Amino acid sequence: MRKELLLCTIMLLSMLQVKATEKETIRISTNETDLILKVAPNGRLYQSYLGKRLMNDIDLKHLPYYINAGSDGSNSPRGWEVYPGSGAEDYFEPALAITHNDGNMTTILSYVSSETQKVDNNVTETKIYLKDKVYPVDVTVHYVTYANENVIKTWTTLKHKEKRPVTLWRYASNMLYFENKRYFLTEFSGDWAKEVNMNTQELLFGKKVLDTKLGSRAAMHTYPFFEVGLDKVPSENEGNVLMGTLGWTGNFQFTFEVDNAGNLRVISGINPYASAYELKPDEVFTTPEFIFTLSDSGTGKASRHIHDWARGYQIKDGKGDRLTLLNNWEATYFDFDEQKLEELMKEAKSLGVDMFLLDDGWFANKYPRSSDNAGLGDWEVNKNKLPNGIPHLVRSAKEAGVKFGIWIEPEMVNPKSELFEKHPEWAIHLPNRETYYFRNQLVLDLSNPKVQDYVFGVVDKIMTENPDLAYFKWDCNSPITNVYSPYLNEKQNQLYINHVRGVYNVFKRVKDKYPDLPMMLCSGGGARCDYEALKYFTEFWCSDNTDPIQRLYIQWGYSHFFPPKSMCAHVTSWNKNTSIKFRTDVAMMCKMGFDISLKEMNENELGYCQSAVANYNRLKTVILDGDFFRLVSPYESNHTAVMHVGKDKKKAILYAYDILPLYGEKIIPVRLQGLDPKKIYKIEEINLMPGETSRLSSNGQTYTGDYLMKIGLNAFTTTGISSRIIEITQQ
Ligand code: DGJ
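For clarity, every value in this text was computed on a predicted model and none was experimentally measured.

Points about the overall build of the protein chain
Working step 1: The secondary structure content of the protein chain amounts to 12 helices and 35 strands.
Working step 2: Computed over the C-alpha atoms, the radius of gyration of the protein chain is 28 Å, within 12% of the 27 Å expected from 2.2 N^0.38 for a compact globule of 731 residues.
Working step 3: Referenced to the eigenvectors of the C-alpha coordinate spread, the extents of the protein chain come out at roughly 105 × 70 × 45 Å.
Working step 4: Relative to its full complement of 731 residues, the protein chain shows a buried share of 61%.
Working step 5: For the protein chain, contacts bridging at least 24 residues in sequence account for 69% of all contacts bridging at least 6.

Below you can see the structure in the form of structure tokens.
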């Protein structure tokens, strides 16, 4: 009897064990990708597979718990732990490191449970609960999958119940592992007016870290996104590639580590530099979102997936329209008055754009904002320049037939300002060292709730006085300098993180109160371009460099991660050696605007710009919401070409630019992409100078999509700095 009972118990236990094992395989999938996690017999959670989606569920059981323990031997639990803490048997960078109340620095997380919920037919959310068996630390790893867009968004929340605060040294958003022969990292780096230069290098044993310590203008030197080519250099149309980006408008860090077994670990999160975080009992620490996609056919497809995801789920009003505009920054800089602005409003109308955007220089009286060394913080209209105030300008714009938008930089202060005189303690600066100024200004301490109220109040006051105001350009020209928060006192290690949280608090309040207000994210050019900020902004300023030739590279780079509708591109007077047509044709592929006085143009040029704006408006749905194809890279050729294809494939636009063709160079046809091979398309060059006729032999002809994609169009020429915009219409 006893024996039977024992047998029964053993059988029951083994059944439970099977059930538990089945349950403890967690599958996180899109239509094209599987991330499979398994709970090992040691109760810990491991990445078992990441790659192309598997067809058959029955294969999951073959996937191992621990992959490639290296020299530790087969009994070692060393594997690809999903969220490894420090101090265990893995000797590489951990995702999490904590000093507990007793000084112990180890954290080992065991699996507790998980839940998966379908948000709708496309979106699924999975939460995985982990805990340390020795210390009361709870970790939740979150995944949201977007099936059609093949995008996975992941972040982590941390909490504990120790008696006193614990110190977090590492708090990654996510860690991924790859087992390939070779790895190639494409990084995006640069500086002011030299944004997103793309460079690729092979990752060999050890670490490559991409990070920033700039605090507020955080992406000035490196951008929060990367590509990793698996086995091969990332390329446009073939090969396996990981593309990842972090939604954090502050210090971020990506660590790429090739370990002893030749596997690659990718850790993404906030840069923990000078930010050992004191986490109080029961306080929840939420990491930023890490967003990634895997492509089996190069970066082009991955970009289109990210663009669709961004428009559908992340960017403020991602599916909505965008306003074309005329900005006065390059036309006037700080030197303007009502009359000049009113003339520009009329010019905006005559160009055909939707809005006039008033830039820096409209505010401050005691220390007038007539250069960048005074006035920031004093958001009262400057009475000398604009005696009738902003309401009058909004009215003038209305009379001229355009909307009115305005520039602000509310997170900053010039020491020469009434705000600084009244509240020096609101600025981040050191009490005991000489102050260093970046662009003559200081960053306001957004870790302080009073400062958050003040910054929100800047926007709120302008909106209350001017309910018809249609747009904000929100600038941020300084990194955090003189790193000391008068508000945080001895808790300086919280500054970088709490400051960014304070910024989000303000962004959120603005969005909650003004949900339909379009806003441009700007940071002395493109130093703010991340998917957390873009929840609150409809678009971002790519660069102060508007030289159209350099813009071709900059726009090429950003387009890897951002849809053209979010990338502001303006026609200016940078590089007057290039024609107005070339400059406009370059701006046309993104969210187009102008930042130039029409007085600089002759009649022909103006006529050309007017017809380009009309074409832009006519083709807006294709440009803003179509699929974007990078066809010929400016990095690999003396020419470059991109195209937009409408989602229904009825209309497409090809943009072809000759940069510096060589004498006698062989010109190769541009092979199009994304068309329907069976459909017949008509070719028509648009954006021609008044009176000019197209020199394209294909102009007016019809071709099948198949022909255009396999044989291509002769869209390039041997004329340097020239361009063609070609409308392609299904017949
Ligand atoms: C930097 C921005 O990138 C420019 O477009 C302009 O708004 C200036 N700031 C104004 O100070």
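Structural notes on the site of the ligand
Working step 1: Asp359, Asp360, Lys473, Asp475 and Asp544 are the nearest of the 13 residues found near the ligand.
Working step 2: Taking arginine 439, its side chain carries an N or O atom lying 3.0 Å from an oxygen atom of the ligand.
Working step 3: Here an oxygen atom of the ligand and a side-chain polar atom of lysine 473 are 2.7 Å apart.
Working step 4: For the ligand, whose unbound accessible area comes to 290 Å², protein coverage reaches 98%.
Working step 5: Of the residues belonging to the shell around the ligand, the class tally is four nonpolar, three polar and six charged.

Digging into the sheet that holds strand β31 (residues 639-645)
Working step 1: Taking strand neighbours across the sheet as the criterion, the six strands line up as β30-β31-β32-β35-β33-β34 in an open arrangement whose pairing is antiparallel. Looking at strand neighbours, the two that pair on one side only are β30 (627-632) and β34 (702-704), the edges of this open sheet. Between one strand and the next, the sheet's axes are offset by a mean angle of 25 degrees, whatever the strand orientation.
Working step 2: In terms of strand pairing, strand β32 (residues 651-658) meets strand β35 (residues 722-730) through eight bridges, oriented antiparallel. Looking at β35, one finds that tyrosine 657 is bridged to serine 723.
Working step 3: Sitting on the sheet, helix α9 (residues 548-558) is in contact with β30, β31 and β32, with an inclination near 45 degrees to β31.

Things to note about helix α7 (residues 449-465)
Working step 1: In this model α7 runs 24 Å from its N-terminal to its C-terminal C-alpha over 17 residues, within 8% of the 24 Å that 1.5 Å per residue would give.
Working step 2: Most pronounced at glycine 457, the bend in α7 amounts to some 25 degrees.
Working step 3: Within α7 the residues assigned to the buried category are Val451, Gln452, Tyr454, Val455, Phe456, Val458, Val459, Asp460, Ile462 and Met463.
Working step 4: Considering only its buried residues, α7 is in contact with β22 (403-408), α6 (418-422), β25 (471-474) and α8 (495-513).

Digging into the nonpolar core
Working step 1: If you look at the biggest cluster of nonpolar residues, it comprises 188 residues, and the most contacted ones within it are Leu358, Trp362, Ile390, Phe404 and Tyr558.
Working step 2: Tryptophan 362 has contacts with Phe336, Trp379, Glu380, Val381, Asn382, Leu386, Ile390, Ile406, Trp407, Ile408 and Ile462, leaving out every residue within four places of it along the chain.

Conventions and cut-offs
Residues numbered from 1 in each chain as written. Predicted model: local features only at pLDDT ≥ 70, side-chain atom pairs only at ≥ 80, totals over all residues. Heavy atoms only, no water. Helix = DSSP H or I, 4+ residues; strand = E, 2+ residues; numbered from the N terminus. Rg over C-alpha atoms; globule rule 2.2 N^0.38 Å. Buried < 20%, exposed > 50% of the residue type's maximum accessible area, 1.4 Å probe, protein only. Contact = heavy atoms within 4.5 Å. Near = heavy atom within 4 Å. Polar contact = N/O pair within 3.5 Å; in protein donor to acceptor, adjacent residues only side chain to side chain. Areas by Shrake-Rupley, 256 points an atom, 1.4 Å probe, with all protein chains shown as cover. Nonpolar A, V, L, I, M, F, W, Y, C, P; charged D, E, K, R; others polar. Pairing = 2+ DSSP bridges. Axes fitted to C-alpha atoms, helices over the stretch in contact; angles between N-to-C directions. Expected span 1.5 Å × (residues − 1). Bend = angle between axes of the 7 residues up to and from the residue. Core = buried A, V, L, I, M, F, W, Y, C linked by side-chain atoms within 4.5 Å.

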